[in-house]
Amino acid sequence: MRLRVDSVLGEPQCCLLANTLKLYCIKMKFPTQRLYSLSRTVHHLNTPRINPRRLHWNSAARPYSTLKRFPLRTAKPLLWKVEYYPHRNFILARLATRLLKIRYLVLGSAVGGGYTAKKTYDQWKEMMPDLTAYKWIIPDFIWDLDEHINFEKIREMFSDAELAKLLPDFDKVGESLNHLKSLLSPDSAENSTAMKASDTQGFDNNGKQYKKVSDKDKAEQLQEELLRTQLKYQRILERLEKENKELRKQALQKDDKGIHLRKMKKSLIDLYSEVLDILSDYDSNYNTQDHLPRVVVVGDQSAGKTSVLEMIAQARIFPRGSGEMMTRAPVKVTLSEGPHHMAMFKDSSREFDLTKDEDLAALRNEIEIRMRNSVKEGQTVSAETISLNVKGPGLQRMVLVDLPGVISTVTSGMAADTKDIIFSISKAYMQNPNAIILCIQDGSVDAERSIVTDLVSQMDPQGRRTIFVLTKVDLAEKNLASPSRIQQIVEGRLFPMKALGYFAVVTGRGNTNEGIDSIKDYEGEFFQNSKLLKTGMLKAHQVTTKNLSLAVSDCFWKMVRESVEQQADAFKATRFNLETEWKNNYPRLRELDRNELYEKAKNEILDEVISLSQVTPKHWEEILQRKLWERVSTHVIENIYLPAAQSVNSGTFNTTVDIKLKQWTDKQLPHKAVEVAWETLEDEFARFMSEHKGKDHDDIFDKLKHAVKDESIKRHRWNEQAEDSLRVIQHNALEDRSISDKQQWDAAIHFLEETLQTRLRDTESVIRDMVGPDWQERWFYWKSRSPEQHVRNETKTELDRLLKINEEHTAYLANDEVTTVRKNLEAKNVDVDTILIKDTWHQVYRKHFLKKSLNHCNLCRRGFHYYQRHFVDSELECNNVILFWRIQRMLSITANTLRQQLTNTEVRRLEKNVKEVLEDFAEDNAKKIHLLTGRRVQLAEDLKRVREIQEKLEVFIEALHQEK
């Protein structure tokens, strides 16, 4: 192909035309194995030929090629000849191809190196904590449009000179934040230098290659550079955290005083902790009902788990000892943010300032006391949970449970089942499918001695909710001959257990009085100089309790968000089932829980105690007189009346009566009277408590009322001076023998007859039991006598015959009479002994005497006239009537006196005792659970708690969504 150019061209135009032709050839798709042949025919002798090697296109460097400059000849026309040779190869084309390949390799290396540097930068950036979490504490109007803090607005807001003194240097804070942002920015000079280093690595400024460095040296240099950069960023972040912590603390304090317009709500973790407390009260076996997350801290005894928890809480809050079991009960610690570093128990309003040594000592002492009080007698550990809230600026929000350390051997002084109880407590907490297990392992001892790792492996074999923590790494690095063993532990290759993450921490030098700040400084200094970190055995994000706290908090809230709504749905379904059961079984009753039922029962009991004061005096005296006579009647008949009635004349009768009455009054009667009064008060109180109230009666209170009555009576003590005053009154009443009118005389006779008839009926009943059924019962009811009853009946017949012969016989049977009776019975083939004869005689004579006394009472009805006139008639000597008049009058006066003591003093004291008992029962939940039982009570309790839990969960879920 030939092309003639008629125009006159200079050298630059020629070069441009040549490159254009080159591109044209490429577009025409000539075979690649052929090259273009470009020649120029010039009608001038001095025109040189164009070198094909110098023909190329370089649009990036210069607009024209680097051809040698020739003199511009404008007079002669140029003729370009383009010739195509399909069967020729040229060396020049091959060289051009090679050069192009080298250029693309260099360009690809630069791009690849930049991508690698960018990826390393992203990894570093991910290791840095998310500082946006602190944005919520600063009001919205503080931030400018570029999401930067406007410190000028903060200065204007704190215009008060006194408040301004408390603030940090905002210029320094701003400079630090800007410097950190510049370091993290991909466009910063340092990062740009690092990214471009891969393009120029191995070449100097002149393009010459450096002296070759070994791969091992390069790796060490990169490792040291990475470590220095990480430590640099870590120091910057720590400094910023301290400044931000102080600023946040001051902002929270101002919020408490109402300076900020933004009102602080109850913290999210506090809401969550309340839900956990309610669930624990709802069901102590919460592993089946409560699946909400919490961080369970487990480890071997003295492994340092309590120290790890203290580092997370930023305070030395737990009791400590050297090799001694200090954690004797689970301690639930709720960590949350607050303006002041303080702690408070769930059931107490006292606040402990954790910045003061005396408050810290008092808190540790209180925890130790609560632990020891929770342990039952004969035990070493307890499953009762102690709840503690810890607040402070910068604390990670979470709920942790510190469990007793796992032991392998029970030592002296421990209960035999201590090891099993600790295992059962640990399993109960770890069985919760959403519990985060913080497995603590002592790095200073042999790993083979660990017990807790096997236990954790059983509870979480896949390691989906386990975080492994190796403590005392400083001692481990110092004592272990092979540091790679630590690397195996932290990488999860030594223990047969899996975990989400592995951390190595240092919790102090072993000094129990060492402060948290000192421990943090020591930990940071150790890892900064540790060979484990420098040699790459440990990663920077795997060390320090700060990184551990951040990781545990992130895992905790992740599991909370995944499980809380599911738990709320479960309680919603439970609530529906309980409400349905209540409607079907108790449609007309209110849903009163145990406390509400107790208050209702308390009011009823107090009303019934008040009812005692409304009992009429007549009713009190009638009851007291009847009960007192029932108590003393046996003594009066057997010990006073019957012995005196055996006398032959009235003088002897009265003397015997006076002596025995005096002895009785001095020793027994007042005490008996007080006992009767107290029993009467108890009976009346019980009658009011158990009285059926028709439709309003609720038998669910019966057990409680009975317990209150018994406990109140048990605590009540009658006035000790009452017996002394009562003794004097009774003496005076019994000494009075004067009967003023016929009505009193008839009343005494009536009282005597009732007493004798009662005793006669009792005696006849005893005799009937002794001799067996009579002929009518044997004939009509087919009853028969036993051999002993047959002997008794024959004996009674002989004794009746003896009394019939001598009706004035004395109360005692003579020996010859006993012999006569026995011989008469032997004649009838009845073998009896002397004791049986005398026992039978006692009842036979008693019956005979009582009948005789009753007959004498009928004669004494007309004897008042003789008594009043002081006539002496042997047939009408009614000394027994006078005796019973004296006793009846004593009973009446004693009943009146006791009634006054009851109504004026004892009823009020009983009311006071009842109130005290009710108050004590109100504080004893176990007592209320024991006394108020039944499905109705349990159903109402479950309904109340499920509703409360559901409401708390809904509030918490709403707050959780707002925080997102």
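Residues numbered from 1 in each chain as written. Predicted model: local features only at pLDDT ≥ 70, side-chain atom pairs only at ≥ 80, totals over all residues. Heavy atoms only, no water.

Counting its secondary structure elements, the chain contains 33 helices and 11 strands. In the chain, which comprises 964 residues, the proportion classed as buried is 42%. If you take every contact in the chain between residues at least 6 apart in sequence, the share linking residues at least 24 apart comes to 79%. In the form shown here, the chain has an accessible surface area of approximately 54200 Å², with 50% of it arising from carbon and sulfur atoms. (Helix = DSSP H or I, 4+ residues; strand = E, 2+ residues; numbered from the N terminus. Buried < 20%, exposed > 50% of the residue type's maximum accessible area, 1.4 Å probe, protein only. Contact = heavy atoms within 4.5 Å. Areas by Shrake-Rupley, 256 points an atom, 1.4 Å probe, with all protein chains shown as cover.)

Quick look at the state of the cysteines now. As enumerated under the stated definition, the model contains 1 disulfide in all. Each sulfur of the disulfide joining cysteine 860 and cysteine 878 lies 2.1 Å from the other. What sets the handedness of the cysteine 860 and cysteine 878 disulfide is the S-S torsion sign, and at about -105° it is left-handed. You can see cysteine 860 sitting in helix H29 (residues 834–860) and its partner cysteine 878 sitting in the loop between helix H30 (864–869) and helix H31 (879–923), a full 18 residues away along the chain. (Disulfide = S-S within 2.5 Å.)

It is worth spelling out the side chain of glutamate 579 at this point. Residue placement: glutamate 579 occurs in helix H18 (residues 545–585). Residues in contact with glutamate 579, not counting those within four places in the same chain, are Leu943 and Arg947.

It is worth spelling out the pairing of strand E3 (residues 295–299) at this point. By the criterion of burial, E3 is predominantly enclosed, with 5 of the 5 residues buried. The alternating pattern of E3 places Val295, Val297 and Gly299 and Val296 and Val298 on opposite faces, both of which are buried. Bridging between E3 and strand E8 (residues 398–402) involves 3 bridges; their strand directions are parallel. Looking at E8, one finds that valine 297 is bridged to aspartate 402. Both E3 and strand E9 (residues 436–442) contribute to a ladder of 5 bridges, which runs parallel. What sits directly across from valine 296, in E9, is isoleucine 437. (Pairing = 2+ DSSP bridges.)

Attention now goes to the pattern of salt bridges. Under the defined criterion, the tally for this structure stands at 40 salt bridges. For lysine 627, the salt bridge goes to aspartate 683, with nearest N and O atoms at 3.1 Å. Taken together, the positions of lysine 627 in helix H20 (residues 617–645) and aspartate 683 in helix H22 (residues 669–690) put the pair 56 residues apart, joining distant regions of the chain. Among the salt bridges present, the one from lysine 709 reaches aspartate 710, with a minimum N-O distance of 2.9 Å. (Salt bridge = Lys/Arg side-chain N within 4 Å of Asp/Glu carboxyl O.)

Of all the 6 residues making up strand E4 (residues 331–336), 6 are buried; the element is thus mostly covered by neighbouring parts of the structure. Residue alternation in E4 divides its side chains into two sets, Val331, Val333 and Leu335 and Lys332, Thr334 and Ser336, and both sets are buried. In this sheet, strand E7 (residues 386–391) lies alongside E4 in parallel orientation, the contact comprising 6 bridges. Considered in E7, the bridge of threonine 334 is made with asparagine 389. Inspection of the sheet shows E4 paired to E8 by 5 bridges, in the antiparallel sense. Each residue of the ladder has a partner; that of valine 333, found in E8, is leucine 400.

In the predicted model, the chain carries a mean pLDDT of 76, and 70% of its residues have values of at least 70. Element-level mean pLDDT values for the chain span from 40 in strand E1 (residues 36–42) up to 92 in E3. In the predicted structure, residues 30–88 sits below a pLDDT of 50 and forms 117 contacts with residues beyond four places in sequence or in another chain. Here residues 284–289 scores under 50 on pLDDT; set against residues more than four positions off or in separate chains, the count is 11 contacts. (pLDDT = per-residue confidence, 0-100.)

On to the packing of helix H25 (residues 742–771) against H31. To describe two helices that pack against each other, one gives the angle between their axes and the distance between the axes. Where H25 meets H31, the axes come as close as 8 Å, and the angle between the chain directions of the two elements is 95°. Here H25 lies roughly perpendicular to H31, going by the angle between them. Between H25, through Gln744, Trp745, Ala747, Ala748, Ile749, Phe751, Leu752 and Thr755, and H31, the contact on the second element is made entirely by Asn880, Val881, Ile882, Phe884, Trp885, Ile887, Gln888 and Leu891. A class-by-class count of the residues in the contact of H25 with H31 yields 12 nonpolar, 4 polar and no charged. (Axes fitted to C-alpha atoms, helices over the stretch in contact; angles between N-to-C directions. Parallel < 35°, antiparallel > 145°, perpendicular 65-115°, else oblique. Nonpolar A, V, L, I, M, F, W, Y, C, P; charged D, E, K, R; others polar.)

This paragraph deals with a negative patch on the surface. Where like charges cluster on the molecular surface, the negative patch consists of Glu826, Asp831, Asp833 and Asp839. Tracing the backbone through its elements, the reader meets glutamate 826 in helix H28 (residues 815–827). (Patch = residues over 30% accessible without salt bridge, like charges linked within 9 Å, V, L, I, M, F, W, Y side chains within 5 Å. Lys, Arg positive; Asp, Glu negative; His and termini not counted. Charge placed at Lys NZ, Arg CZ, Asp CG, Glu CD.)

Quick look at the sheet that holds E9 now. Adjacent strands of a sheet pair through backbone hydrogen bonds, lying either parallel or antiparallel. Here 9 strands make up an open sheet; going across it, the order is E6-E5-E7-E4-E8-E3-E9-E10-E11 and the pairing mixed. The open sheet is flanked by strand E6 (352–353) and strand E11 (501–504), the only strands paired with a single partner. The sheet contacts of helix H10 (residues 305–313) involve E3, E4, E7, E8, E9 and strand E10 (466–471), and relative to E8 the element is tilted by about 155°.

Attention now goes to a nonpolar patch on the surface. Together, Trp775, Trp779, Phe780 and Tyr781 line one region of the surface with nonpolar side chains, adding up to about 630 Å² of accessible area. Mapped onto the secondary structure, tyrosine 781 falls in the loop between helix H26 (775–780) and helix H27 (787–805). The exposure class assigned to tyrosine 781 is exposed, which follows from its relative accessible area of 59%.

Take the side chain of serine 457 next. With respect to the helices and strands, the residue serine 457 is situated in helix H13 (residues 452–459). Assessed through its relative accessible area of 17%, serine 457 is described here as buried. In this structure serine 457 touches Pro496 and Met497, once residues within four positions along its chain are discounted.

Right, let's talk about the packing of H28 against H29 for a bit. At their nearest, the axes of H28 and H29 sit 10 Å apart, and the two run at 105° to each other. If you check the angle between H28 and H29, you find them roughly perpendicular. Together, Val818, Val821 and Arg822 of H28 and Thr834, Ile837 and Lys838 of H29 make up the contact between the two elements. Looking at the contact of H28 with H29 residue by residue, the classes come out as 3 nonpolar, 1 polar and 2 charged.

The subject of this paragraph is the environment of aspartate 277. By secondary structure assignment, the location of aspartate 277 is in helix H8 (residues 268–282). Given the relative accessible area of 12%, aspartate 277 is considered buried. Separated by 55 residues in the primary sequence, aspartate 277 and lysine 332 place their C-alpha atoms 9.6 Å from one another. Not counting residues up to four positions away in its chain, the partners in contact with aspartate 277 are Lys332, Lys346 and Ser387.

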